[in-house]
Amino acid sequence: MIGSPYTLASNSTATIMFKVLLALLPGIAAHVWLFGPGIVVSLILCSAFAIGFETLLLLARRLPLQPFLSDNSALVSAWLLALSLPTLAPWWLYAIGIGIAIVIAKQLYGGLGQNLFNPAMVGYAALIVSFPVYMTQWPAPIVLADHAIGLWDAFDIVFSGQGSISADAYTSATLLDTWKTQVRLNTAPEVLLAQPIFGWIGARGHEIVALMYLAGGLLLFWGKRITWHIPLAFLAGVALTAGVLQLIDPTQHASPLLHLFSGGVMLGAFFIATDPVTAATTPRGKLIYAAMAGFLTVIIRGFGSFPDGVAFAILLMNMCVPFIDDYTQPRVFGHPRKRSKAGQP
Amino acid sequence: MKTQLFTFHGGVHPEQHKAESNAAPISVMPLLPRYVVPMRQHIGTPARPVVSVGDRVLRGQIVGAAEGYVSTAAHAPTSGRVVAIEACAVPHPSGLFDLAVVIEADGEDLSIDMQPLDWRALDPSALRNRIRDMGLAGLGGAVFPSYIKLNPGAQKIHTLIVNGAECEPWITCDDRLMRERAAELARGIEIMRHALGCTTVLLGIEDNKPEALAAMRGAAPPDWRVMSVPTLYPSGGGKQLTYLLTGVETPTGGRSTDVGIQVFNVGTAYSLYRAVELGEPLISRVVTLTGHVAQPGNFEARIGTPLADLIAAAGGALPGASGEIVGGPMMGFDLMDLAAPVTKAVNCLIVKSPSLFPPKPVELPCIRCGACARACPADLQPFEMYWYSHAKNFGHAQSYHLFDCIECGCCAYVCPSHIPLVDYFRFAKSEIWEREREKASADQARVRHEFKAFRLEREKREKAEKFAKAAEKSKVAGGADAGAAPADPDAEKKKAILQAALERAAQAKQTVTPKNTDNLPPRVQQEIDAIETRRAGVENTESQK
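A. Local environment of the overall build of chain B. Of the regular secondary structure elements, chain B holds 16 helices and 17 strands. Once the C-alpha set of chain B is aligned to its principal axes, its extents read approximately 105 × 65 × 50 Å. Scored against the burial criterion, the 545 residues of chain B give a buried share of 48%. Taking the contacts inside chain B whose residues are at least 6 apart along the sequence as the reference set, 73% of them involve residues at least 24 apart. Carbon and sulfur atoms make up 56% of the accessible area of chain B, which totals about 26000 Å². Positive and negative side-chain charges of chain B, numbering 60 and 62 respectively, have mean locations separated by a distance of 5 Å.

Spelled out as structure tokens, the structure:
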């Protein structure tokens, strides 16, 4: 132990995670504005469950609480899952999702930095497989809902199941769900796009939230928390694959723009696929990893049985990360140059 | 003058802290009563003491002679008497003592007959022979014997790079040297150019030293290129500066001489000037003393000056000082003992305080954020090397090019989890070296064993043949009972010798053999205790991880 360097740059895991939370705020604000305060309830619930499970597991593993609880990493997983789940779902859905994310996907793999899979996405995948009905009941935008939901209504609905208002009064099928069921019934895309749940470029309401995630993601990029590789390659993967599919069969497949601004694509591109622990790390590896995740997202949406494919695509690519990293190691200073220089930053 | 630069990957911008010590001119340390001249001040074989206790020495006299090829001499910093040749505290990260010649000054500071040299009239090889015993070694910190670097051998050197980047924070000794002694330094560089027989001279200075740049531009002949390089640590690393100025990468595992480039520090050029034009061996250097002291600054200190005296010369440490760093904050190490002297490698001493160097935050797990890889000037993936070093999977760590790591500390500097990455890499490297040593000695033992088995076999065979021959001979001789009588007196004598030896061995066995750790002088015992506590400390921190 020589000890040098004696000076350290002033950054920490906690600050990195905190900046991710900050960058999510524009999207959350847009969500509250367009869908009502339901998202606040799920954020609070998920955060509380995440801290609770994290504490329990740290105690069980006999690890010090202070450094690990203050690293904000559990909060990031909690917020990402909360933003991926429908709001106004029963409280136990959040508890199960967070439990799987924190206990199984994170702590049982060894805790912070050791997990192979993105915890929030593991939680999401488990829920959509186990409780598909709850997972597709998304509150409609305020402009389309018969009944506006206040903060206390939201708490009431989440904890008592139905509350005083019927679920039909505030939920509607999501865009991706509608697309999937309707095109299989041979509804023409033009007819579909004329429905009120479609906005200018994506799902009404959700498209604005996605734009705000994009804005938050750009903040992360300018703040040097993420590099351009993963978001750009992910979005390009989605757009290219969707474009090719639409060219092949425009009656079955949605436009690239609709794919980009619906479902979890923007959140996934800037906040989930970029999770450093589970993403590829080399510059070329990041491009391959994210482009493949984008490709798989559209393939799952187009041909799979689930409406959205972001979570499964990212989980599948998480599995490939060690392999991708191993084959894309950058040339080390002073080593002979190889023939190909593709993808170097 | 074209000044195209090639930017290397990564690098960091730690706080500079140059202003503390670069304002005042270099002050010459007054003569001290006592100097400690270690024999190991350079890379390679330590020098061999050639004086005895009680000898009178003169300033510039050799007290330790170069031993072998990669070695250089050590000289008396002043005139006086040799009072001890013993293990003394030296500035080394281990805190272990090392052999040194202790000189008590007589206050007269008489010097040997120093002979200036007309180097332009000498051919390069005569010049090199002349400086062989001048004790020159790289003053940038690597302390490789300079006369070897000035001998290109079979490799043709076309470019001489002089390193005035001084990229480590806090250190300003090269800055002041360039500002104040540019003309002398320039002559030193010309001597280097002559010895190497090269044409191009590039001088790289970070742009946070405008005065030094101006001074060197003023002193440089028109055919040099004095280049301003952006302030970005570690631009002063040999490989990084070479790349910055020429765009040439030093091949892995090789030296810049493999691509026809030789790199010297400005301090070395200055001491070469003194050695050749003044005939003065390397007996002093400029040291930055900064940090939590009354008057930070640069001091021209004689080699062997105890560091405690150096701190005193800067007005002493301020209250609340919490230790010292030898070298810069990025690559330096903690000083264990203030009695350790200034050596050729010591370019800076920083007195720490908790506000200047706050205690390090808790180490958290790696989140693979890749900040280290983005900061690494060698394009390595430090987090992968850390992963495998931590798991003691050294083979894998090596496959991520562990040995291309220059230990600059950029990765640990940027790590948000505050992992002491460089410590892991140093540990992994030393473990790998240790295993290679073990393997080499095991190989050697095996070869020895095989040869022994072969020899025994051969001897047995030869003996058998001899016996067979002798038996035949005696048969031929006629079966007379020869041999017994003439051999008798000889055998008697041998028996007596054998008996005496056995008795001696038995006696020796009865008297208990003392261990070499019994009956130690108190100072050595203290030293051992100190090492044991440090080791215990290290083991504790290791086991906590």
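B. Quick look at the pattern of salt bridges. All names here are of chain B. Enumeration over the complete set of coordinates arrives at 29 salt bridges over all chains. A salt bridge links Arg-193 to Asp-223; the nearest nitrogen and oxygen atoms lie 3.0 Å apart. Linking Arg-193 in helix H5 (residues 182-196) with Asp-223 in the loop between helix H6 (210-219) and strand E11 (224-229), this pair joins segments that are 30 residues apart in sequence. The exposure class assigned to Arg-193 is buried, which follows from its relative accessible area of 12%. Exposure remark for Asp-223: the relative accessible area of 45% places this residue in the partly exposed category. The partner of Asp-443 in a salt bridge is Arg-446, with the nearest N and O atoms 3.3 Å apart. Of the two residues, Asp-443 and Arg-446 are both situated in helix H14 (residues 421-477); the distance of three residues between them amounts to about one turn of the helix. Salt bridges sharing partners connect three or more residues here, namely Arg-181, Arg-274, Glu-280 and Glu-300.

C. Main features of unusual backbone geometry. Cis rather than trans, the peptide bond between Tyr233(B) and Pro234(B) has omega equal to 0 degrees. Take Pro234(B): it is sitting in the loop between E11 and helix H7 (238-246). Positive phi, normally seen in glycine, also occurs at Arg62(A), with a value near 55 degrees. Looking at the element boundaries, Arg62(A) is found in the loop between helix H2 (38-60) and helix H3 (65-69). Positive phi outside glycine occurs at Val143(B), with the angle close to 45 degrees. Relative to the assigned elements, Val143(B) resides in the loop between helix H2 (124-131) and helix H3 (146-149). Val143(B) sits in the buried class, given a relative accessible area of 7%.

D. Quick peek at the environment of Asp98(B). All names here are of chain B. By the secondary structure assignment, Asp-98 is in strand E8 (residues 97-105). Taking the relative accessible area as the measure of exposure, Asp-98 reaches 17% and is therefore buried. Residues Asp-98 and Glu-436, spaced 338 residues apart in sequence, show a C-alpha to C-alpha distance of 25 Å. The contacts of Asp-98, once residues within four sequence positions are left out, are Arg-40, Glu-86, Ala-87, Cys-88 and Val-90.

E. Local environment of the packing of helix H1 (residues 13-35) of chain A against helix H4 (residues 73-84) of chain A. All names here are of chain A. In the contact formed by H1 and H4, the axes pass within 9 Å of each other and the chain directions differ by 20 degrees. For the element pair H1 / H4, the angle class is roughly parallel. Pair H1 / H4 crosses with left-handed handedness. The segment H1 lies against H4, with Met-17, Val-20, Leu-21, Leu-24, Leu-25 and Ile-28 engaging Ser-73, Leu-75, Val-76, Trp-79, Leu-80 and Leu-83. Tallied by class, residues from the contact of H1 with H4 come to eleven nonpolar, one polar and no charged.

Reading the values: the criteria
Residues numbered from 1 in each chain as written. Chains lettered and ligands numbered in written order. Predicted model: local features only at pLDDT ≥ 70, side-chain atom pairs only at ≥ 80, totals over all residues. Heavy atoms only, no water. Helix = DSSP H or I, 4+ residues; strand = E, 2+ residues; numbered from the N terminus. Buried < 20%, exposed > 50% of the residue type's maximum accessible area, 1.4 Å probe, protein only. Contact = heavy atoms within 4.5 Å. Areas by Shrake-Rupley, 256 points an atom, 1.4 Å probe, with all protein chains shown as cover. Lys, Arg positive; Asp, Glu negative; His and termini not counted. Charge placed at Lys NZ, Arg CZ, Asp CG, Glu CD. Salt bridge = Lys/Arg side-chain N within 4 Å of Asp/Glu carboxyl O. Axes fitted to C-alpha atoms, helices over the stretch in contact; angles between N-to-C directions. Parallel < 35°, antiparallel > 145°, perpendicular 65-115°, else oblique. Left-handed = near helix turned anticlockwise from the far one by under 90°. Nonpolar A, V, L, I, M, F, W, Y, C, P; charged D, E, K, R; others polar.

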